[in-house]
Amino acid sequence: MFRSLSSSKTRAVAVLGTVALLAGCAGSTTPAPGEINDPYEVENRRTHDFNKALLGGLSRDSDAPRRAVIPEDIKSSAVHFANNLGEPSTVVNSLLQGNLERAGRGTLRFVINSTVGMAGLFDVAGDFGLPEDATDFGETLHVWGVPEGNYIELPVLGPSTERDTWGRVVDVVIDPLGYALTPRENNIKRVAKITGRAVEASRLSGSIDAVLEGSADSYAQARSIYLQNRRYELAGENAAEATAIDPLDIDTEGF
């Protein structure tokens, strides 16, 4: 068992180092303030059309009746449960970013919500004054100075950048729960996270439909909203910098 655990850790470190190196190479371009690097636009637009058809179909065929049937408190519990499963990853990334305060807060949130909050079904920690402050390896790479690279739209997952795409890969590797849970429990965790994302997406379905169906160029609008929101999010206390624009101030007229 120890040999297997040691082998898993070795593979994790190897993947982490390799992906970080590749991310540094792939994200070697730094956009000027307000600039968008999109050399893969042709391929991205094909993926966007696929995602748009998929989301549109889900919204029309299944989302409305489900929203009418599933009580809001059950939806909230599903989101809380999924978010709680992500806390260990937040703690690891916070440590890698040197953010000890967020790492400590994330640890407390996970302990409180996993116990008093009935395995994370309720956000008791939030009621105690410990709000969620999620992060990911994409932000870790940002803190390490890795540029965002080119814009990419991923199938099903949607808008991203080269840096954030590599970040998604590493987040799977460094998630402590992935090593603590059994294969069956990991599968349950994946389903729970997908369910949580689906619930959150259903709550935003009106805004998503407005972007996808109510604009002359939904691809350009979705790309602009994502990049500006992500840059603002990563800027943190430096959100006033030129490359960071508050998503609430985005003017989408004319798209």
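Quick caveat, the model's predicted, so the values are computed rather than measured. All residue numbers here refer to positions counted from 1 along the written sequence of the relevant chain. Given that the model is predicted, a residue must reach a pLDDT of at least 70 before its local features are reported, and side-chain atom pairs must reach 80 or more before they are shown or counted; all residues, however, enter totals for whole chains, interfaces and linings. As a rule here, side-chain values come from all non-hydrogen atoms in the structure, and water together with hydrogens is ignored.

Caption draft 1: Quick peek at the overall build of the protein chain. In this text, helices come from DSSP runs of H or I with a minimum length of four residues, and strands from runs of E with a minimum of two, each type numbered from the N-terminal end. Along the backbone of the protein chain there are 12 helices and two strands. Moving toward the C terminus, one meets the helices and strands of the protein chain in the order α-α-α-α-α-α-α-β-β-α-α-α-α-α. Each residue is placed in one exposure class: buried if its accessible area under a 1.4 Å probe, protein chains only, is under 20% of its type's maximum, exposed if it is over 50%, and partly exposed if it falls in between. Relative to its 255 residues, the protein chain shows a buried fraction of 39%. In this description, contact between two residues means that some pair of their heavy atoms is separated by no more than 4.5 Å. Counted over contacts in the protein chain with a minimum sequence separation of 6, partners at least 24 positions apart contribute 69%.

Caption draft 2: Structural context of the pairing of strand β1 (residues 151-154). Here β1 shows two buried faces, one formed by Y151 and E153 and the other by I152 and L154. Following DSSP output, two strands are said to pair if at least two bridges run between them. In terms of strand pairing, β1 meets strand β2 (residues 158-161) through four bridges, oriented antiparallel. What sits directly across from E153, in β2, is P159. In sequence, β1 turns back onto β2 through a hairpin of three residues, with V156 there showing a positive phi of about 70 degrees.

Caption draft 3: A look at unusual backbone geometry. Phi is positive for A119, close to 65 degrees, though the residue is something other than glycine. The topology assignment puts A119 in the loop between α5 (100-115) and α6 (124-127). Residue V156 is not a glycine yet carries a positive backbone phi of 70 degrees. Tracing the backbone through its elements, the reader meets V156 in the loop between β1 and β2. Accessibility expressed as a relative area gives 59% for V156, which makes it exposed.

Caption draft 4: A look at a nonpolar patch on the surface. On the surface, a nonpolar cluster with roughly 370 Å² of combined accessible area is contributed by F50, L54, V156 and L157. Turning to its location among the elements, L157 is positioned in the loop between β1 and β2. Excluding any residue in a salt bridge, patches collect residues exceeding 30% relative accessible area, merging like charges within 9 Å and nonpolar Val, Leu, Ile, Met, Phe, Trp and Tyr side chains within 5 Å. To measure how exposed things are, a 1.4 Å probe is used in the Shrake-Rupley method; for residues, cover is taken only from the protein chains shown. Only one rule defines a salt bridge in this text: a Lys or Arg side-chain nitrogen within 4 Å of an Asp or Glu carboxyl oxygen.

Caption draft 5: Fine view of the pattern of salt bridges. One pass over the full model with this rule turns up 16 salt bridges. A salt bridge links R45 to D217, with the shortest nitrogen-to-oxygen separation between them at 3.0 Å. In this pair, R45 sits in helix α2 (residues 41-69) while D217 sits in the loop between α11 (205-213) and α12 (218-235), placing the two residues 172 residues apart along the sequence. Overall, the relative accessible area of 25% leaves D217 in the partly exposed class. One salt-bridge network, in which partners are shared between bridges, spans D38, E41, R45, D217 and R223.

Caption draft 6: Examining the environment of D171 more closely. In this fold, D171 is placed in helix α8 (residues 162-174). The exposure class assigned to D171 is buried, which follows from its relative accessible area of 17%. Between the alpha carbons of D171 and N93 there is a distance of 8.5 Å; along the sequence they are 78 residues apart. Excluding residues within four positions of it along the chain, D171 makes contact with S89, N93, D136 and F137.

Caption draft 7: Structural detail: the packing of aromatic side chains. Only Phe, Tyr and Trp rings take part, Trp by its six-membered ring, and two of them pair if their centres are within 6.5 Å. Stacked means planes under 30 degrees apart, edge-to-face means over 60, and tilted covers everything else. According to the stated counting rule, one finds two aromatic pairs in the structure shown. Taking the centre distance of 5.5 Å and the plane angle of 90 degrees together, the rings of F137 and W144 count as edge-to-face. For F137, a relative accessible area of 0% puts it in the buried group. Centre to centre, the rings of Y151 and Y219 are 6.1 Å apart; their planes meet at 70 degrees, and the pair counts as edge-to-face. Remark: Y219 occurs in helix α12 and Y151 occurs in strand β1; sequence separation between them is 68 residues.

Caption draft 8: The nonpolar core, seen in detail. Only buried Ala, Val, Leu, Ile, Met, Phe, Trp, Tyr and Cys residues count toward a nonpolar core, and they belong to the same one when joined by side-chain atoms within 4.5 Å. Within the largest apolar cluster, five residues are counted, these being F137, L141, V146, V170 and I174. Breaking this core down by element, the ones donating at least two residues are α7 (137-143) and α8.

Caption draft 9: Inspection of the side chain of T47 at higher detail. Among the secondary structure elements, T47 is positioned in helix α2. Residue classification places T47 among the buried residues on the basis of a relative accessible area of 16%. What T47 contacts, discounting residues up to four positions off in sequence, is E153, L154 and P155.

Caption draft 10: Quick look at the environment of N84. Examined against the element boundaries, N84 turns out to sit in helix α3 (residues 72-85). Separated by 38 residues in the primary sequence, N84 and F122 have C-alpha atoms spaced 9.2 Å apart. The residues contacting N84, other than those within four sequence positions of it, are R109, F110, N113, S114, A119 and G120.

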